[in-house]
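The lines below spell out each chain.
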Amino acid sequence: MAIPQLTAAERQAALEKAKAARTKRAEIRDSLKSGKLTLKDVLGMKDDPIVGRMKVSTLIETLPGYGKAKSEKIMAELKIAESRRLKGLGERQEAALLERLA
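Position numbers for residues start from 1 in each chain and track the written sequence from start to end. Thresholds applied to this predicted model are a pLDDT of at least 70 for local features of residues and 80 or more for the giving and counting of side-chain atom pairs; totals over whole chains, interfaces and linings are not thresholded and use all residues. Note that the side-chain values use all heavy atoms of the structure and ignore hydrogens as well as water.

If you look the chain up in an unreviewed UniProt entry, it shows as Integration host factor-like helix-two turn-helix domain-containing protein from Slackia exigua.

Printed below as a string of structure tokens:
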């Protein structure tokens, strides 16, 4: 697939959109880390196009006391693919994740 050729204005708009998405995901992670949001709250926002694109592994790593190794172990236990994003979680996977981490 060929990369589309964008005008300078289109490129700038795309960069701004991407920056806004990264900022919103960072704010969600900060709120989760500080305790303002719970895991259930964040999973409830998975229909939001920006939040839904967050990787499940990144979400787990954000939780206090969890790092990359624990995240990988939990995802393997729950049979969640490493590349899975919040929007792609099934009901059973979401319930298992809440049960395991709550």
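J.: Which parts of the structure should I look at to understand the overall build of the chain?
T.: Secondary structure summary: the chain contains 5 helices and 0 strands in total. Seen through its principal axes, the chain has C-alpha atoms that stretch 50 × 35 × 25 Å. Burial statistics for the chain: of 102 residues in total, 28% are counted as buried. Contacts are residue-level and defined by heavy atoms, with any inter-residue pair within 4.5 Å sufficient. Nonlocal contacts in the chain, meaning residues at least 24 apart in sequence, comprise 58% of its contacts between residues at least 6 apart. Just so you have it, the chain exposes about 7200 Å², and 53% of that area is on carbon and sulfur atoms. Secondary structure elements are taken from DSSP: a helix is a run of H or I of four residues or more, a strand is a run of E of two residues or more, and numbering for both begins at the N terminus. Burial classes: relative accessible area under 20% of the type maximum marks a residue as buried, over 50% as exposed, and values in between as partly exposed (1.4 Å probe, protein chains only). Where accessible areas are quoted, they stem from the Shrake-Rupley method and a 1.4 Å probe; at the residue level, only the protein chains shown are allowed to cover.

J.: In this structure, what is going on with the UniProt feature "domain: Integration host factor-like helix-two turn-helix" (unreviewed entry) in the chain? I would like to understand it.
T.: The UniProt entry lists residues 32-100 under the feature "domain: Integration host factor-like helix-two turn-helix" (unreviewed entry), expressed in the numbering used here. Helix makes up 52% of residues 32-100 and strand 0%. Its end C-alpha atoms lie 17 Å apart. UniProt positions are given in the numbering used here, feature names are shortened, and annotations may be inferred rather than shown by experiment.

J.: Where do I start with the pattern of salt bridges in this structure?
T.: Where charged atoms from two side chains of opposite charge come close, those side chains can pair. One speaks of a salt bridge when a side-chain nitrogen belonging to Lys or Arg is within 4 Å of a carboxyl oxygen belonging to Asp or Glu. A complete count under the given rule lists 4 salt bridges for this structure. The salt bridge involving Lys-46 is made with Glu-94; its shortest N-O contact spans 2.7 Å. Of this pair, Lys-46 sits in the loop between α2 (39-44) and α3 (56-62) while Glu-94 sits in helix α5 (residues 91-101), and the two are 48 residues apart along the sequence. Lys-46 sits in the buried class, given a relative accessible area of 13%. Since its relative accessible area comes to 18%, Glu-94 is described here as buried. In this structure, the salt-bridge partner of Glu-72 is Lys-68, at a minimum N-O distance of 3.9 Å. Of this pair, Glu-72 and Lys-68 both sit in helix α4 (residues 68-77), 4 residues apart, which is roughly one turn of the helix. With relative accessibility at 44%, the residue Glu-72 sits in the partly exposed group. By relative accessible area, which is 53% here, Lys-68 ends up exposed.

J.: In this structure, what is going on with the layout of surface pockets? I would like to understand it.
T.: Where empty space is left can be seen by rolling a probe of water-molecule size over the atoms. Lining residues are defined by having an atom within 4 Å of a point belonging to a cavity or pocket. Those points lie on a 1 Å grid over the protein atoms alone, cavities being sets where a 1.4 Å probe fits but cannot get out and pockets being open sets with protein on both sides within 12 Å along at least five of seven lines. Grid points are joined across faces, edges and corners, and a volume is the space filled by probe spheres set on the points. Estimates place the volume of the largest pocket at around 180 Å³. Around the largest pocket, the lining residues are Lys-17, Ala-21, Arg-25, Pro-49, Ile-50, Arg-53, Met-54, Lys-55, Thr-58 and Arg-85. With 3 residues, helix α1 (residues 8-34) is the largest single contributor of residues to the lining of the largest pocket. Amino acids outside the nonpolar list (Ala, Val, Leu, Ile, Met, Phe, Trp, Tyr, Cys, Pro) and the charged list (Asp, Glu, Lys, Arg) are all regarded as polar, and Gly is one of them. Looking at side-chain class alone, the lining of the largest pocket contains 4 nonpolar, 1 polar and 5 charged residues.

J.: I keep staring at the nonpolar core and nothing clicks. Help me out?
T.: Nonpolar side chains tend to gather and get buried jointly when the protein is soluble and globular. Residue types Ala, Val, Leu, Ile, Met, Phe, Trp, Tyr and Cys, when buried and joined through side-chain atoms within 4.5 Å, form a set referred to as a nonpolar core. Counting 19 residues, the largest nonpolar core has Leu-59, Leu-86 and Leu-97 as its most contacted members. When neighbours within four sequence positions are excluded, Leu-97 is seen to be in contact with Leu-39, Leu-43, Val-56, Ile-60, Ile-74, Leu-78, Ile-80 and Leu-89.

J.: Would you explain the environment of Ser-57 in this entry?
T.: Among the structural elements, Ser-57 can be located in helix α3. Not counting chain neighbours up to four residues away, the residues in contact with Ser-57 comprise Ser-71, Met-75 and Glu-82.

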